[in-house]
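Listed below, chain by chain, are the residues.
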Amino acid sequence: FVAGQEELQVAMECAKFFGVPALFAEVNQWVAAHLSVQNVSSLWNFIESEPLLKHQFGAAQVDVADADGACFDFHIAHFYDLITTGPANDRSEVEEFDAGAGAGAGFLHELCVPLMHRLLSPGLLSVPST
């Protein structure tokens, strides 16, 4: 049913309107299978904004992917890539920063504040302070 990221919101609306839990599972599966440095932050924001996607689907669907967990794990595993690549680190934008500010946060910059707190709070990341 879901062929691309742009169809996720439509799938969610259909799932809510028609009350089809299989569509929630399909969205979760699609997100977990299509994570990349370029889209993981926006997809995790999407998962966070849709509480029904974090709902447990019961024992009948034990093979449903945990998109929320997959996004968290991807952020941990690719943290350096997320801060060093992306539109915020485009050469033209970096030149606009003053020397003390440094470069942007890459694709990680797209992550909402509650998810950033969740990402940093377990202490799984080694982040230099200088």
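Bear in mind that the values here come from a model prediction, so they are computed numbers and not experimental data. (Residues numbered from 1 in each chain as written. Predicted model: local features only at pLDDT ≥ 70, side-chain atom pairs only at ≥ 80, totals over all residues. Heavy atoms only, no water.)

**Concerning the overall build of the chain**
Moving on, step 1. The helix and strand tally for the chain stands at 7 helices and 0 strands.
Moving on, step 2. Start at the N end of the chain and walk to the C end: the helices and strands fall as α-α-α-α-α-α-α.
Moving on, step 3. Buried positions account for 35% of the 130 residues belonging to the chain.
Moving on, step 4. For the chain, the share of sequence-separated contacts (at least 6 apart) that also reach a separation of at least 24 residues comes to 61%.
Moving on, step 5. Counting every atom, the chain has about 7,600 Å² of accessible surface; 58% of that belongs to carbon and sulfur. (Helix = DSSP H or I, 4+ residues; strand = E, 2+ residues; numbered from the N terminus. Buried < 20%, exposed > 50% of the residue type's maximum accessible area, 1.4 Å probe, protein only. Contact = heavy atoms within 4.5 Å. Areas by Shrake-Rupley, 256 points an atom, 1.4 Å probe, with all protein chains shown as cover.)

**Some details on helix α2 (residues 21-33)**
Moving on, step 1. An ideal rise of 1.5 Å per residue puts 18 Å on 13 residues; α2 measures up with 19 Å between its terminal C-alpha atoms.
Moving on, step 2. Residues of α2 that are buried make contact with α1 (8-18), α3 (40-49) and α4 (67-77). (Expected span 1.5 Å × (residues − 1).)

**Focus on the nonpolar core**
Moving on, step 1. One finds Leu8, Val27, Val31, Leu35, Trp44, Leu53 and Leu119 to be the most contacted residues of the largest nonpolar core, which totals 30 residues.
Moving on, step 2. Residue assignment for this core shows that the elements contributing at least two residues are α1, α2, α3, α4, α5 (79-84) and α7 (113-120).
Moving on, step 3. Those residues within four positions of valine 27 in sequence are excluded, and the remaining contacts are Val2, Leu8, Ala11, Met12, Phe46 and Leu53. (Core = buried A, V, L, I, M, F, W, Y, C linked by side-chain atoms within 4.5 Å.)

**So, the side chain of aspartate 68**
Moving on, step 1. Of note, aspartate 68 is situated in helix α4.
Moving on, step 2. Classification of aspartate 68 as buried rests on a relative accessible area of 11%.
Moving on, step 3. Ignoring anything within four residues of it in the chain, the contact list for aspartate 68 reads Trp44, Ile47, Lys54 and Arg118.

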